[in-house]
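Residues per chain are reported as follows:
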Amino acid sequence: MLKSVFRGRLVVFDYEAISNEPVSVYDRHGGKFKSNEAIQTEMDAFNQKFSIVASSPMAALRILTPPVLEGIVLASDKLGCPLYLSFRDDKLYVALGCGDSFEAADGDMTLSEQRQRVISEIKAMLELVDTLYLKN
């Protein structure tokens, strides 16, 4: 029997990270993720919305600089659904827990409404990636 563990959109970007250590950011409202050691940032709004998993706080904070933290919070607010990020192997994985894929689905929404929603989600993700590239 198959069990779905995630319903939403997954986008992968090539991303040359400052650190080679994997860092993951989990939306606290998207599920019950438990970590042994909570990594806190200096941004309270980020700490309330997200959990960080990394080998050490220093590894996480090399990538999650204040502008990056702010960009993640802003993107999350624009998207309006759980946002998950994973930096690993020179890639950035962005997952949106919106419950559907990029495919046109039947339901109450018209195709035009679905198109506008997808366009706004893509725009928010690209703005987030632009923010992340402020690393230099």
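See the structure shown above.
So, here's what we can say about the structure. All values reported here derive from a predicted model rather than from experimental measurement.

1. Digging into the overall build of the protein
In step 1: In terms of helices and strands, the protein carries 4 helices and 5 strands.
In step 2: From first element to last, N terminus to C terminus, the protein shows the α and β order β-β-α-β-α-α-β-β-α.
In step 3: Within the protein, the proportion of its 136 residues that are buried is 36%.
In step 4: Within the protein, contacts between residues separated by at least 24 positions form 69% of all contacts whose residues are at least 6 apart in sequence.
In step 5: Accessible area for the protein stands at about 8700 Å²; split by element, carbon and sulfur atoms hold 53% of it.

2. Regarding the packing of aromatic side chains
In step 1: On inspection of all chains with the given rule, the structure shows 2 aromatic pairs.
In step 2: Relative to Y84, the ring of Y26 has its centre 6.3 Å away and its plane inclined at 70°; by these criteria the two rings are edge-to-face. Residue Y26 is found in strand β2 (residues 23–27), and its partner Y84 is found in strand β4 (residues 83–88); the two are separated by 58 residues along the sequence.
In step 3: A relative accessible area of 17% places Y84 in the buried class.

3. Overview of the nonpolar core
In step 1: Counting residues in each nonpolar core, the largest one holds 29 residues, and the members touching the most others are L64, I72, L83 and L85.
In step 2: Top element by residues in this core is helix α3 (residues 66–79). It accounts for 6 residues.
In step 3: With residues up to four places along the chain from it excluded, the contact list for L64 reads V23, V25, I52, L69, I72 and F87.

Cut-offs and rules
Residues numbered from 1 in each chain as written. Predicted model: local features only at pLDDT ≥ 70, side-chain atom pairs only at ≥ 80, totals over all residues. Heavy atoms only, no water. Helix = DSSP H or I, 4+ residues; strand = E, 2+ residues; numbered from the N terminus. Buried < 20%, exposed > 50% of the residue type's maximum accessible area, 1.4 Å probe, protein only. Contact = heavy atoms within 4.5 Å. Areas by Shrake-Rupley, 256 points an atom, 1.4 Å probe, with all protein chains shown as cover. Phe/Tyr/Trp six-rings, centres within 6.5 Å; stacked < 30°, edge-to-face > 60°. Core = buried A, V, L, I, M, F, W, Y, C linked by side-chain atoms within 4.5 Å.

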